[in-house]
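Spelled out from the first residue to the last, the chains are:
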Amino acid sequence: MSLAFNNSPDPNGRPFPGHGIIRDKGGRPVQTDTPIWRYDEATGRRSFDWSAINVSSYDLLAGMTCFMAEIIKSQRAGGISHYFSMLSRMTGLPYFRSIDIPGEPIGMAFMSELIGSYPEHARYLARYARDWYEWCCDQGYPRFSAEVCFELREIRFGGNAKGAAVLSLDPDGGPLNDIETTALLNALRASRDDGRISLQQQVAIWLCTALGGNNQQYVLMRADDLLELEEPDSDGAFYQIRVARIKKRHARERHEFKTRKLTREIGSLVQELISQNRASLGAGVPAGVAMPVFMRPYLREARLGGAFHEYALSMSTDEFGSLVRTSVAQLGVVSPRTGKALQATCRRFRYTFATRLVREGASQREVAETLDHTDLQNVQCYFDLKSDIVEKLDEAMALTLGPISQAFLGHLVRTEALAVRGGEAGARIYRHDREAPALDPIGTCGSFSFCGLNAPVACYTCNKFQPWLDAPHQELLRDLLAERKRREEGGLDGRMVALTDTTILAVADVVSRVAATKSGDHNHVG
């Protein structure tokens, strides 16, 4: 039977083997006198419940709590959790239960059983048990032997299997493909007008797309990390944002930063969110509480006056992760690979960001530096991925994927007369028929300013474009597909082959809408 202290003495009159208030690596206090240790950090809280450690020997439990106290003093939060999870798993296994009696030596069999209990890709986690055993042996605990320590040092645990979701192009957990990314960003831009998601949700997805960071990095962002700078010889500003580095093993958060550039579109949205946050709080923020970019709806009262006072308005990493997942779900994008609602997390955005960097020619060192990695092994999977493979795209597939790609952002109209600027000859958009040769009008540009983009290729993905019901959209679709095939057969790089894929899907969507409207479905036309 395991020991159950619950803040009271055990059956033999001994209290929980805690160690009072200790200091973590950052110098912050951790209370260890109760069976539940609460470890606070800037981005959340972790609880270590010793009732999950299935040990009946008081001396053995005391040694484990002493070991964990030392780990808290010297390790960052992620490592601490790995050690505690290992102890919980190990103490529940049959061999360990069989030797969980006073005086019984702990032999090598405990490690063999522990390794076997993990799935193959996670067996490297058993190395945390070696650290525990060696520490106990060094401290002179009688049930631990130097001979076993020597054998444990001979074991090669290997490392974390890196990049399985990336290398397999997992449609549920791997990087988003180009069509999914386009659909998501189009829906995101449309949400500015339809209000489908809040400004905070919009900024969360934009930053995940633009920066490829971890949850913790977004949670640590503050209002003063956004920098608005005037660009020489320009009529506007550009933006930069400071991103906290979290993989450098610093004892404290926000110790070191990397400055990243943002587009004007994204930077202005972040600036708008910061202004919105300030307006919602007014003068009601206690002194010393920092203004995060991603702010909670209310103060975390338990943090006021304590070691994490400045983070009382900051989200936890779990809260931010939930924000991202919920935001993507509310955009209602359908994945053409699965036929289901697209699901995306910070991790998937990170995979997508890194994959795009490699496709654009970044080196291993550049990718590692951007992702805040110190070990190049962590980015090798992106280079092993065959990112230049050209996905098949023919007319039938385009017509299937087009309606769910959300690449078309304009508005189908019955006639030129019904379009915004429909009476202006200069607003007409043409398709060049090379065989005729002739210029065939296909729609109207509803913008009152000059855009300078390549018409008609850029028009179908613009929300100001108004294609006409009776226009040669299908002919344009075939033109684009034929040009794509020529590039592929000419041996061009995959990026060049797929250059107009988004436009192809947008045109295919228009073709599908025209067909639906002519068959009696009037939901697609104005």
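Calculation criteria
Residues numbered from 1 in each chain as written. Predicted model: local features only at pLDDT ≥ 70, side-chain atom pairs only at ≥ 80, totals over all residues. Heavy atoms only, no water. Pairing = 2+ DSSP bridges. Helix = DSSP H or I, 4+ residues; strand = E, 2+ residues; numbered from the N terminus. Axes fitted to C-alpha atoms, helices over the stretch in contact; angles between N-to-C directions. Buried < 20%, exposed > 50% of the residue type's maximum accessible area, 1.4 Å probe, protein only. Contact = heavy atoms within 4.5 Å. Salt bridge = Lys/Arg side-chain N within 4 Å of Asp/Glu carboxyl O. Expected span 1.5 Å × (residues − 1). Phe/Tyr/Trp six-rings, centres within 6.5 Å; stacked < 30°, edge-to-face > 60°. Lys NZ or Arg CZ within 6 Å of the ring centre and 35° of its normal.

(A) Focus on the sheet that holds strand S8 (residues 428-433). Pairing is antiparallel in the open sheet, where 3 strands are placed in the order S8-S9-S10. Edge positions in the sheet fall to S8 and strand S10 (465-467), since each has one partner strand and no second. Here the average twist between neighbouring strands, direction ignored, is 45°. Relative to strand S9 (residues 438-445), S8 is paired through 6 bridges, and the arrangement is antiparallel. Note on S9: the bridge partner recorded for Arg431 is Asp440.

(B) Expanded view of the environment of Ala187. Counting through the fold element by element, Ala187 comes out in helix H8 (residues 178-194). Looking at Ala187, the relative accessible area reads 2%, which means it is buried. Sequence-distant contacts of Ala187, defined by excluding residues within four places in its chain, comprise Leu331, Val333 and Gln406.

(C) View of the pattern of salt bridges. Here the structure, examined in full by the defined rule, presents 31 salt bridges. A salt bridge links Glu180 to Arg337; the nearest nitrogen and oxygen atoms lie 2.8 Å apart. In this pair, Glu180 is assigned in helix H8 and Arg337 in the loop between helix H12 (317-331) and helix H13 (346-359), connecting sequence segments 157 residues apart. Classification of Glu180 as buried rests on a relative accessible area of 1%. When its relative accessible area of 32% is taken as the criterion, Arg337 is described as partly exposed. One salt bridge connects Glu265 with Arg189, and the closest N-O pair in it is separated by 3.1 Å. Of this pair, Glu265 sits in helix H11 (residues 264-281) while Arg189 sits in helix H8, and the two are 76 residues apart along the sequence. For Glu265, a relative accessible area of 33% gives the class partly exposed. Several salt bridges converge on common partners, so that one network encompasses Arg245, Glu256, Lys258, Glu369 and Asp372.

(D) Layout of H8. Spanning 17 residues, H8 covers 24 Å between terminal C-alpha atoms, matching the ideal 24 Å at 1.5 Å per step. Buried residues belonging to H8 abut helix H9 (199-211), H12, H13, helix H16 (395-405) and helix H19 (501-518). After H8 finishes, the residue Gly195 shows a positive phi value of roughly 65°.

(E) Representation of the environment of Arg365. Assignment of secondary structure puts Arg365 in helix H14 (residues 364-370). Arg365 sits in the exposed class, given a relative accessible area of 53%. Each C-alpha atom of the pair Arg365 and Val379 lies 8.9 Å from the other, and the pair is 14 residues apart in sequence.

(F) Structural detail: the packing of aromatic side chains. For the structure shown, the criterion picks out 18 aromatic pairs. With 6.2 Å between their ring centres and 35° between their planes, Trp135 and Tyr141 make a pair best called tilted. Assessed through its relative accessible area of 24%, Tyr141 is described here as partly exposed. With centroids separated by 6.3 Å and ring planes inclined at 75°, the aromatic side chains of Tyr141 and Phe144 adopt a geometry described as edge-to-face. These aromatic residues form a ring-pair network of at least three members: Phe67, Tyr83, Phe96, Phe110, Tyr128, Trp132, Tyr133, Trp135, Tyr141 and Phe144. Lying over the aromatic face of Tyr128, Arg127 brings its terminal NZ or CZ to 4.7 Å of the ring centre. Across from the ring centre of Tyr298, 4.8 Å away, lies the NZ or CZ of Arg296, which sits over that ring.

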